[in-house]
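If you want the building blocks of each chain, they are given just below.
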Amino acid sequence: MAQIVAIYGSPRRRGNTATLLKHAVKGAADAGAQVDEIILRDLKMSPCLEIYACKKEGKCAIKDDFHNVVNQILSADGLILASPIFFYTVSAHTKILMDRCQSLWVKKYWIDKVPFGQWEPKRKGLFISAGATKGKKLFNGVLLTVKYFFDVLDMELFGSLLYRGLEFEEDVLTHPEYLEEAYEAGKRFAKAL
Ligand SMILES: Cc1cc2nc3c(=O)[nH]c(=O)nc-3n(C[C@H](O)[C@H](O)[C@H](O)COP(=O)(O)O)c2cc1C
């Protein structure tokens, strides 16, 4: 059975990305996956303090909920990450998790000396995002951020669901086609693992 971790990166519990992610989780579960859900706003996670204690063994020295989250991600076959667009990138909650994974980057590229771009993805990631505006470049920044976050997790980007024009908490509910798409993507994702 495929193991998936689903990460809710929005501060809104019932916001657009949370609703989309719930549908993707349901799709994945209906396809037979075991899905563990993590709500970042409920956790205690410090930002990266850039002390590089991780240079020793690739482990972050800050003691908080990061360790449980990263262990769950690393033992899963796939990750579904959902974050709203905040200033053209991910939310602060999501970015804190990403920055703490610098310890994995240090392990991979400094300690284990994996040559850049020369690794086999062991896992897959699906990314879900929403922004209020409709500009062509709305997701340019976040897609780069997510690409390099998934790289550090030895994941390839399986796909991304990106929705423009969603501003208020329940805006996505007026687009049942987006919810259906998220459900189907969750299903396909689970089957691909
Ligand atoms: C701090 C903050 C920054 C935001 N920055 C952007 C932005 O750069 N571009 C955009 O289109 N929407 C931006 N938004 C709007 C959110 O992306 C939008 O409301 C989204 O639907 C929120 O998703 P959620 O309901 O899952 O939290 C911002 C909202 C907040 C609170």
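Enquirer: So, the pattern of salt bridges: which residues are in play, and what are the values?
Expert: In total, this model carries ten salt bridges according to the counting rule given. Here K107 ties to D112 by a salt bridge, and the two come within 2.8 Å at their closest N and O atoms. On the basis of relative accessibility, which here comes to 32%, the residue K107 falls in the partly exposed class. It is possible to trace a salt-bridge network through shared partners that takes in K108, K122, D151 and D154.

Enquirer: How would you sum up helix α5 (residues 140–152)? Please name residues and give values.
Expert: Over its 13 residues, α5 runs 19 Å from end to end, which matches the ideal 18 Å to within 8%, given 1.5 Å per residue. Within α5 the residues assigned to the buried category are V142, V146, F149, F150, D151 and V152. On its buried side, α5 packs onto β3 (78–84), α3 (92–100), α4 (102–111), β4 (123–130) and β5 (155–163). One or two positions beyond α5, positive phi appears at D154, with a value near 55°.

Enquirer: An account of the side chain of T19 is requested, with residue identities and associated values reported.
Expert: Looking at the secondary structure, you find T19 in helix α1 (residues 16–30). Excluding residues within four positions of it along the chain, T19 makes contact with R14, V172, L173 and L179.

Enquirer: A description of the site of the ligand should follow, citing residues and the corresponding values.
Expert: Around the ligand sit 17 residues in total, of which S10, T17, I85, T133 and L166 are the nearest. Between the ligand and T133, the relevant distance is 2.6 Å, taken from an oxygen atom to a side-chain nitrogen or oxygen of the residue. In the environment of the ligand, an oxygen atom lies 2.8 Å from a nitrogen or oxygen atom belonging to the backbone of E167. In the complex, 78% of the free accessible area of the ligand, which totals 640 Å², lies under the protein chains. Partitioned by chemical class, the residues of the shell around the ligand number nine nonpolar, six polar and two charged.

Enquirer: Give me the nonpolar core: which residues, what numbers.
Expert: Note that soluble globular proteins tend to have their nonpolar side chains buried in a common cluster. Counting residues in each nonpolar core, the largest one holds 30 residues, and the members touching the most others are I7, I73, L79, L97, C101, F149 and L153. Elements represented by at least two residues in this core include exactly β1 (3–8), α2 (66–74), β3, α3 and α5. The dominant element in this core, judged by the number of residues it contributes, is α5, at five residues. Among residues more than four places away in sequence, those in contact with L79 are V5, I7, K124, G125, L126, F149, F150, L153, M155 and F189. Of all hydrophobic cores here, the second largest spans 27 residues; its members include V25, V35, I80 and I128.

Enquirer: Lay out the pairing of β1 with the relevant residues and their values.
Expert: Across the six residues that make up β1, a large majority, five, are buried. The pairing of β1 with strand β2 (residues 34–39) spans six bridges and is classified as parallel. Across the sheet, I7 pairs through a bridge with I38, a residue of β2. Relative to β3, β1 runs parallel, the two sharing five bridges. Directly across from I4, in β3, lies its bridge partner G78.

Enquirer: Let's hear about the pairing of β4: which residues, and what values?
Expert: Burial of β4 is extensive: eight of the eight residues sit out of reach of the surface. Residues R123, G125, F127 and S129 line one face of β4 and the alternating positions K124, L126, I128 and A130 line the opposite face, and both faces are buried. Pairing geometry for β4 and β5, over eight bridges, is parallel. Along β5, the bridge assignment pairs K124 with E156.

Enquirer: Give a description of the packing of aromatic side chains that names residues and reports values.
Expert: Centre distance and the angle of the planes are the two values used to describe a pair of aromatic rings. Here the structure, examined in full by the defined rule, presents eight aromatic pairs. Taking 6.2 Å as the distance between ring centres and 45° as the angle between the ring planes, the aromatic pair formed by W105 and F116 counts as tilted. Remark: F116 occurs in the loop between α4 and β4 and W105 occurs in helix α4; sequence separation between them is eleven residues. Overall, the relative accessible area of 60% leaves F116 in the exposed class. Taken together, the aromatic side chains of Y52, W105, Y109, W110 and F116 make up a single cluster linked through ring pairs.

Cut-offs and rules
Residues numbered from 1 in each chain as written. Predicted model: local features only at pLDDT ≥ 70, side-chain atom pairs only at ≥ 80, totals over all residues. Heavy atoms only, no water. Salt bridge = Lys/Arg side-chain N within 4 Å of Asp/Glu carboxyl O. Buried < 20%, exposed > 50% of the residue type's maximum accessible area, 1.4 Å probe, protein only. Helix = DSSP H or I, 4+ residues; strand = E, 2+ residues; numbered from the N terminus. Expected span 1.5 Å × (residues − 1). Contact = heavy atoms within 4.5 Å. Near = heavy atom within 4 Å. Polar contact = N/O pair within 3.5 Å; in protein donor to acceptor, adjacent residues only side chain to side chain. Areas by Shrake-Rupley, 256 points an atom, 1.4 Å probe, with all protein chains shown as cover. Nonpolar A, V, L, I, M, F, W, Y, C, P; charged D, E, K, R; others polar. Core = buried A, V, L, I, M, F, W, Y, C linked by side-chain atoms within 4.5 Å. Pairing = 2+ DSSP bridges. Phe/Tyr/Trp six-rings, centres within 6.5 Å; stacked < 30°, edge-to-face > 60°.

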